[in-house]
Amino acid sequence: MKGSEIRERFLKYFEGKGHRRMRSSSLVPEADPTLLFTNAGMVQFKNVFTGDEKLDFVRAVSSQKCLRVSGKHNDLENVGVTARHHTFFEMLGNFSFGDYFKEDAIFFGWEFLTKEMGLDKEKLWITIFDEDDEADEIWKTKIGVDPERIVRMGEKDNFWAMGDTGPCGPCSEIHIDQGEEMSCGKNCGIGLCDCDRYLELWNLVFMQFNRDQSGEMTPLPAPSIDTGMGLERIAAVVQGVKSNYDSDLFTPIIKTVEEIAGISNKDDKSGVSIRAISDHCRSQAFLIADGILPSNEGRGYVLRRIIGRAARH
Ligand code: GLY
């Protein structure tokens, strides 16, 4: 299944569950001074979660252009080194604005991965927030996940926030075990290491609070859902390759870079560079398409740095 088919299957699946299909918003968040770039699918819905904006629908689905090169979510130094990090990527997400909550969000996520994408249930691992007994119960009794594959984690891993302020809440992640051959060694495991064996596929955020500048959290008008799954990751998994860079979303770019450089991306020494250049080409293209030009400050400076970094590689 090609990346474009997976994107379409995702959007269609959630449309079938009553979600409104929304266009990706720009990489430049509209009227949000707290963010340099759109870093998640929920950004265009931030004011809907807080109750400051009303929509005439309560369920949405999107494939959102995201950039994670600054602020709270910054993956820059991992790009090309791991098989899964990017500056620019697409985030598939479904959203509930005070409508369904944990149980449906978990059911939808599980059904999409195991039925629509045909992933092996036994390879899926779940993380939940330490105190979230409700999610634990749903995964165990309603979905039937083996308790051995449910891992409780602290705030750092399982409490999601867009930035220092804004909507936030506990989350539950679906990971896939990519097999022992991907293991980094004895201490390999969810929360124990950062290797590519247990790949986080999908983050289901149970949006419940709004954090203000002093750090104080107040409850949202209604519990809501915000989920995010990297299209590049699910594409690699469905296509049976161990790196996002080997999925069809990247191979044409990688191939071109390899041809120009005369070096393979599988080369131990230069592979990281080939992959970083390929990643950075995408973020440059999408930033420029969304109206950013290289400059000495703000967003333009970030673009300039990405171009410089790619050139150095
Ligand atoms: N908004 C959910 C995520 O980015 O993981």
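Keep in mind the model is a prediction, meaning the values are calculated, not measured.

A. Broad picture of the overall build of the protein. Looking only at helices and strands, the protein features 9 helices and 11 strands. Against the 2.2 N^0.38 benchmark of 20 Å for 313 residues, the protein shows a C-alpha radius of gyration of 19 Å, consistent with a compact globule. Per-residue burial for the protein yields a buried fraction of 54% across its 313 residues. Of the contacts made within the protein by residues no fewer than 6 positions apart, 68% connect residues no fewer than 24 positions apart. Of the roughly 14,400 Å² that the protein leaves accessible, carbon and sulfur atoms contribute 47%.

B. The arrangement of the site of the ligand in detail. Around the ligand, a shell composed of Ala40, Met42, Arg68, Met91, Trp160, Asn203, Val205 and Asp226 is seen. For the ligand, an oxygen atom lies 3.0 Å from a polar atom in the side chain of Arg68. Between the ligand and the protein, one listed contact pairs a nitrogen atom with a side-chain N or O atom of Asp226 at 2.8 Å. The cavity that encloses the ligand is the largest pocket. Considered class by class, the residues forming the shell around the ligand number 5 nonpolar, 1 polar and 2 charged.

C. Highlighting empty space enclosed by the protein. Applying the stated criterion across every chain yields a total of 2 cavities of 30 Å³ or more. Taken as a whole, the largest cavity holds about 50 Å³ of empty space. In terms of lining residues, the largest cavity is bounded by Ala83, Arg84, Gln178, Asp196, Leu199, Ala236, Val237, Val241, Lys242, Ser243 and Asn244. Of the volumes computed, that of the second largest cavity is approximately 40 Å³. Lining the second largest cavity are Val69, Leu76, Val302, Arg305 and Ile306. A per-element tally of the lining of the second largest cavity places helix H9 (residues 298-312) first, with 3 residues. Looking at the lining of the second largest cavity residue by residue, the class counts come to 4 nonpolar, no polar and 1 charged.

D. Just the nonpolar core, in detail. The biggest cluster of nonpolar side chains holds 47 residues, and the ones touching the most others in it are Phe10, Leu113, Leu119, Trp139, Leu201, Trp202 and Ile234. When residues in this core are grouped by element, the largest group, 6 residues, is from helix H3 (residues 102-116). Among residues more than four places away in sequence, those in contact with Ile234 are Ile6, Leu92, Leu113, Met117, Leu119, Leu201 and Met229.

E. Spotlight on the packing of aromatic side chains. As enumerated under the stated definition, the model contains 21 aromatic pairs in all. With a centroid separation of 4.2 Å and 10 degrees between ring planes, the pair formed by Phe88 and Phe286 is classed as stacked. Pair noted here: Phe88 is in strand E5 (residues 88-96) and Phe286 is in helix H8 (residues 271-289), with a separation of 198 residues, a long-range link. By relative accessible area, which is 35% here, Phe286 ends up partly exposed. Taken together, the aromatic side chains of Phe10, Tyr13, Phe14, Tyr100, Phe107, Phe108, Phe112 and Trp202 make up a single cluster linked through ring pairs.

F. Examining the packing of helix H1 (residues 3-15) against H3 more closely. In the contact formed by H1 and H3, the axes pass within 11 Å of each other and the chain directions differ by 135 degrees. Put simply, H1 runs oblique to H3. Judged by the sense of rotation from one axis to the other, the crossing of H1 with H3 is right-handed. Between H1 and H3, the residues in contact are Ile6, Arg9, Phe10, Tyr13 and Phe14 and Phe108, Glu111, Phe112 and Glu116, respectively. Residues of the contact of H1 with H3, tallied by class, amount to 6 nonpolar, no polar and 3 charged.

G. Seen up close, H9. Under the 1.5 Å per step criterion, the end-to-end length of H9 is 21 Å for 15 residues, consistent within 8% with the ideal 21 Å. Of all the residues in H9, the buried ones are Gly300, Val302, Leu303, Ile306, Arg309 and Ala310. In this fold, the buried residues of H9 make contact with strand E3 (69-70) and H8.

H. Spatial organisation of the side chain of Ser283. Along the chain, Ser283 falls in helix H8. Judged by relative accessible area, Ser283 falls into the buried class, the value being 0%. A polar side-chain atom of Ser283 sits 3.2 Å from the main-chain carbonyl oxygen of His280. With near-sequence residues (within four places) excluded, Ser283 lies in contact with Leu67, Thr87, Phe88 and Ile306.

Calculation rules
- Residues numbered from 1 in each chain as written.
- Predicted model: local features only at pLDDT ≥ 70, side-chain atom pairs only at ≥ 80, totals over all residues.
- Heavy atoms only, no water.
- Helix = DSSP H or I, 4+ residues; strand = E, 2+ residues; numbered from the N terminus.
- Rg over C-alpha atoms; globule rule 2.2 N^0.38 Å.
- Buried < 20%, exposed > 50% of the residue type's maximum accessible area, 1.4 Å probe, protein only.
- Contact = heavy atoms within 4.5 Å.
- Areas by Shrake-Rupley, 256 points an atom, 1.4 Å probe, with all protein chains shown as cover.
- Near = heavy atom within 4 Å.
- Polar contact = N/O pair within 3.5 Å; in protein donor to acceptor, adjacent residues only side chain to side chain.
- 1 Å grid on protein atoms, 1.4 Å probe; cavity = no way out; pocket = protein on both sides within 12 Å on 5 of 7 lines; lining within 4 Å.
- Sits in = over half its atoms within 2 Å of the grid points.
- Nonpolar A, V, L, I, M, F, W, Y, C, P; charged D, E, K, R; others polar.
- Points joined across faces, edges and corners; volume = space filled by probe spheres on them.
- Core = buried A, V, L, I, M, F, W, Y, C linked by side-chain atoms within 4.5 Å.
- Phe/Tyr/Trp six-rings, centres within 6.5 Å; stacked < 30°, edge-to-face > 60°.
- Axes fitted to C-alpha atoms, helices over the stretch in contact; angles between N-to-C directions.
- Parallel < 35°, antiparallel > 145°, perpendicular 65-115°, else oblique.
- Left-handed = near helix turned anticlockwise from the far one by under 90°.
- Expected span 1.5 Å × (residues − 1).

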